[in-house]
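# What the coordinates show
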Amino acid sequence: MVDEKVAYASIAEIGRLYRQGKLSPVELTRFILARIERLNPKLNAYLEISGDMALQQAKFAERVLSSRKKSGRDLAALHGIPISLKDNIYTKGIPTTGGSAILRDFVPTQDAPVVTTLKNAGAVIVGKTNLHEFAYGTTSNNPHYGPVKNPWDLSRIAGGSSGGSAAALAAGLCFGSVGTDTGGSIRIPASLCGVVGLKPGLGRVSTDRVIPLSTTLDVVGPLARSVADAALIFDAILGGTKSISKHRPLRGVGSRKNRKWRLGIPKEFFLDVLDPEVRKAFDQAVQLLKKAGAQIMPVSIPLLAETEDAGNQIAWAEATLYHQDMGWYPQRAGEYGEDVRTRIEMGAKVTAVSYLRALELREKFITAFEQTIESNDLNALVAPTTAIAATRIGEESVSLGGKEYLTRALLLRLNRPANLAGLPAISVPNGRTSGGLPIGLQFIAGATGEAMLLELAAEFERIRPSDNARPTLEEVAG
């Protein structure tokens, strides 16, 4: 009988249990599938459970593991590890809805390249996770399939658009997940659910056969419960591209103390609008980093104030073009949820001049952002991941400092700059609010800096006191 603690084991720990003969891929997969069946009705983290296919993959992984013991040949770190996928990533023979009513019956005939690389690494795909419709939102409050619920408080959002992936991880329903990020869609739910989310740099992981939101902003990346696990998943999916640089995440990430870091805190924008508890957690994180020897300095990043509008203009226009090209809009406008349909309508009103000016500003911003990092000899920038913790489901606005802000805008605010600049960024857990809700800390690095970013995040993970808290079975099951 598999112990419940195994649900929260690390990928490396599972691998050791496999190799020691104390656990098998089939045994673990059956355990995770049973756990999903029991807990998912309350969380709504999964849209599709690929039980039969997952067990076939687990049986194959078990046979390979058995032959490996005889030959002495080592296996990939993800071999036999149950992984989930956001449901906008094509999976052969498994429905891929994009969280939409329009694609409710769509079953791809091919896997996305990122899925192929995971399967080649021996990963077991246990299911497809819920998301904001067409990945076009920050709450995962899906009008067609129901909202994803935060395991720390079932009345609150999990964040989006990769909300199902983050919720599944926080509840121990998989050991890693792959999501997408256009304006924060990996980091926002990671922050709100208390897990790790890595947004790679633009073009570092293949986006082929992934339902697009914005073709020039979309990236694919991992979510996991630890930095080391995120590094293992990233290492696997990065291996399927032609853009690999010498910067590769190491399998020993998190196992040693790292260099003396030079980190920048943006003087403008990032700290202007924050919930007091998020600000307190950020200040405490900065003090911890300083105590560990990091050199931290305030820096200015030009054009930050203009990034919100530029990002909107680009995403609106590109999303609408895709939906028009697919013949869904305006022909099937009534099948969209109201919030997504409204944004697609807004995209139809973006002029060519506005779109081109946004692209022009983006190029200037990329140059300014990278120059800030290089001229100050920084390893990375450090900032909160989201300005607020998880809001209640359906809570469309939040009051901060006596002013009302749209929830969506607050969640996007600190994430969009890294997307517009095409730079890698990672969110790591940074404690919880007085009400027990997770808070995230974000590091942003220069181009192709994912390996260094993972080492930095692992160092913060090491120095930050942990209460080892997790949603209990009783809390999740309601």
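Position labels on residues start from 1 in each chain and follow its written sequence. Predicted model: local features are reported for residues with pLDDT of at least 70 only, side-chain atom pairs are reported and counted for 80 or more only, and whole-chain, interface and lining totals are derived from all residues. The side-chain values count all of the structure's non-hydrogen atoms but skip hydrogen atoms and water molecules.

Attention shifts here to the sheet that holds strand S17 (residues 438–444). The mixed open sheet is built from 11 strands, whose spatial order is S1-S3-S2-S8-S10-S9-S16-S17-S13-S11-S12. Pairing within the sheet leaves two strands with one partner each, and these edge strands are strand S1 (46–49) and strand S12 (295–299). Pairwise comparison of adjacent strand axes, ignoring direction, gives a mean angle of 30° for this sheet. For strand S8 (residues 177–181) and strand S10 (residues 219–224), the ladder comprises five bridges, and the chain directions are antiparallel. Residue pairing across strands places Thr180 opposite Val220, the latter belonging to S10. Sheet strands in contact with helix H7 (residues 227–238) are strand S2 (82–86), S8, strand S9 (196–199), S10 and strand S16 (425–432), and its direction is about 145° off that of S10. By definition, residues are in contact when any of their heavy atoms lie within 4.5 Å. Axis lines are fitted through C-alpha atoms, for helices just across the contact stretch, and the angle between N-to-C directions can take any value from 0 to 180 degrees. Working definition: helices are DSSP H or I runs of at least four residues, strands are E runs of at least two. Numbering for both runs from the N terminus. Against the sheet, helix H14 (residues 450–463) engages S9, strand S11 (262–266), strand S13 (380–384), S16 and S17, with an angle of about 5° to S16. DSSP-based pairing: two strands are paired if at least 2 bridges between them are found.

A word on the confidence of the model for the protein. pLDDT expresses, on a scale from 0 to 100, how confident the predictor is about each individual residue. Residues of the protein with pLDDT of at least 70 account for 93%, and the chain-wide mean is 93. Low pLDDT, under 50, characterises residues 240–252; the predicted model gives this stretch 29 contacts beyond four residues in sequence or across chains.

Cavities and pockets were defined on a 1 Å grid built from protein atoms only: a cavity is a group of points that admits a 1.4 Å probe but offers it no way out, a pocket is an open group of points flanked by protein on both sides within 12 Å along at least five of seven lines, and a lining residue is one with an atom within 4 Å of any such point. Grid points are joined across faces, edges and corners, and a volume is the space filled by probe spheres set on the points. For the structure shown, the criterion picks out four cavities of 30 Å³ or more. Quantified by volume, the largest cavity comes out at close to 160 Å³. Along the walls of the largest cavity sit 15 residues, with Gly183, Leu213, Arg408, Leu412 and Arg416 positioned nearest its centre. The set of elements that each furnish at least two residues to the lining of the largest cavity consists of helix H9 (307–325) and helix H12 (407–413). The biggest single contributor to the lining of the largest cavity is H9, with three residues. Residue type decides the class: Asp, Glu, Lys and Arg count as charged, Ala, Val, Leu, Ile, Met, Phe, Trp, Tyr, Cys and Pro as nonpolar, and the leftover types, Gly among them, as polar. The residue inventory of the lining of the largest cavity, partitioned by class, reads seven nonpolar, six polar and two charged. Estimates place the volume of the second largest cavity at around 50 Å³. Residue lining of the second largest cavity: Thr139, Asn141, Ile157, Thr391, Arg392, Gly394, Glu395, Glu396 and Thr407, and that is the complete set. In the lining of the second largest cavity, the residues fall into one nonpolar, five polar and three charged.

Each helix should span, by expectation, one fewer than its residue count multiplied by 1.5 Å. Compared with an ideal rise of 1.5 Å per residue, which puts 16 residues at 22 Å, helix H8 (residues 276–291) spans 23 Å between its outermost C-alpha atoms and is within 8% of the ideal. Exposure categories follow from relative accessible area, calculated using a 1.4 Å probe and restricted to protein chains: below 20% of the type maximum is buried, above 50% is exposed, and the middle band is partly exposed. Taken together, the buried positions of H8 are occupied by Val278, Ala281, Phe282, Ala285, Val286 and Leu289. Down the axis of H8, the smallest arc covering the buried residues is 140°, so these residues share one side. Away from the buried face of H8 by more than 90 degrees, exposed residues Pro276, Lys280 and Lys291 are located. Starting at the helix axis, one direction is taken to each C-beta atom, and the arc is that of these directions.

Moving on to the nonpolar core. Nonpolar core, defined: a set of buried Ala, Val, Leu, Ile, Met, Phe, Trp, Tyr and Cys residues in which side-chain atoms within 4.5 Å join the residues together. Within the largest apolar cluster, 98 residues are counted, with the highest numbers of intra-cluster contacts made by Leu263 and Phe443. Take this core: its biggest share by element is nine residues, from H7. Ignoring sequence-local partners within four residues, the contact set of Leu263 consists of Leu289, Ala294, Gln295, Ile296, Met297, Leu378, Asn379, Ala380, Val382, Phe443 and Leu456. Core analysis: the second largest hydrophobic core is formed by 42 residues, Ala358, Ala387, Leu412 and Ala425 among them.

Another aspect to go through is the pattern of salt bridges. The rule for a salt bridge is simple: a side-chain nitrogen of Lys or Arg has to be within 4 Å of a carboxyl oxygen of Asp or Glu. Within this structure, the stated rule accounts for 12 salt bridges. Of the charged contacts in the structure, one is a salt bridge between Arg262 and Asp377, with a shortest N-O distance of 3.9 Å. Of this pair, Arg262 sits in strand S11 while Asp377 sits in the loop between helix H11 (352–375) and S13; the two residues are 115 residues apart in sequence, bridging distant segments of the chain. Bridged by salt links that share partners, the residues Glu4, Arg35 and Arg38 form one connected network.

Residues in a regular strand point their side chains to alternate faces of the sheet. Burial within S16 is extensive, with six of its eight residues counted as buried. Pairing analysis gives three bridges linking S9 to S16, with the strands arranged antiparallel. Among the inter-strand pairings, Leu198 is bridged to a residue of S16, identified as Ile426. Across six bridges, S16 lies against S17 in antiparallel orientation.

Our next topic: the packing of H9 against H11. At a minimum axis distance of 9 Å, the contact between H9 and H11 shows a crossing angle of 130°. Comparing the axis directions of H9 and H11 gives the class oblique. Considering how the two elements wind past one another, H9 and H11 form a crossing that is left-handed. Seen from H9, the contacting residues are Thr307, Ala310, Gln313, Ile314, Ala317 and Glu318; seen from H11, they are Ser354, Tyr355, Ala358, Leu359, Leu361, Arg362 and Phe365. Our angle categories are set so that under 35 degrees counts as roughly parallel, over 145 as roughly antiparallel, 65 to 115 as roughly perpendicular, and the remainder as oblique. Note: crossing handedness is left-handed where the near helix turns anticlockwise from the far helix by less than a right angle, and right-handed where it turns clockwise.

Relative orientation of the contacting elements H9 and helix H10 (residues 338–347) amounts to 100°, with a least axis distance of 7 Å. With respect to their mutual orientation, H9 and H10 come out roughly perpendicular. Along its contact with H9, which presents Trp316, Ala317, Thr320 and His323, the element H10 presents Arg343, Ile344, Met346 and Gly347. When the residues that make up the contact of H9 with H10 are grouped by side-chain class, the tally is four nonpolar, three polar and one charged.

With an omega of 10°, the peptide bond running from Gly160 to Ser161 counts as cis. With an omega dihedral of 5°, the bond running from Tyr329 to Pro330 counts as a cis peptide bond. In this structure, Ser140 takes a positive phi of about 60° despite not being glycine. Among the structural elements, Ser140 can be located in the loop between strand S3 (124–129) and strand S4 (141–142). Residue Ser140 is classed as buried on the basis of its relative accessible area, which comes to 0%. At Phe269, a residue that is not glycine, the phi angle is positive and equals roughly 75°. Relative accessible area serves as the criterion here: at 11%, Phe269 is assigned to the buried category.

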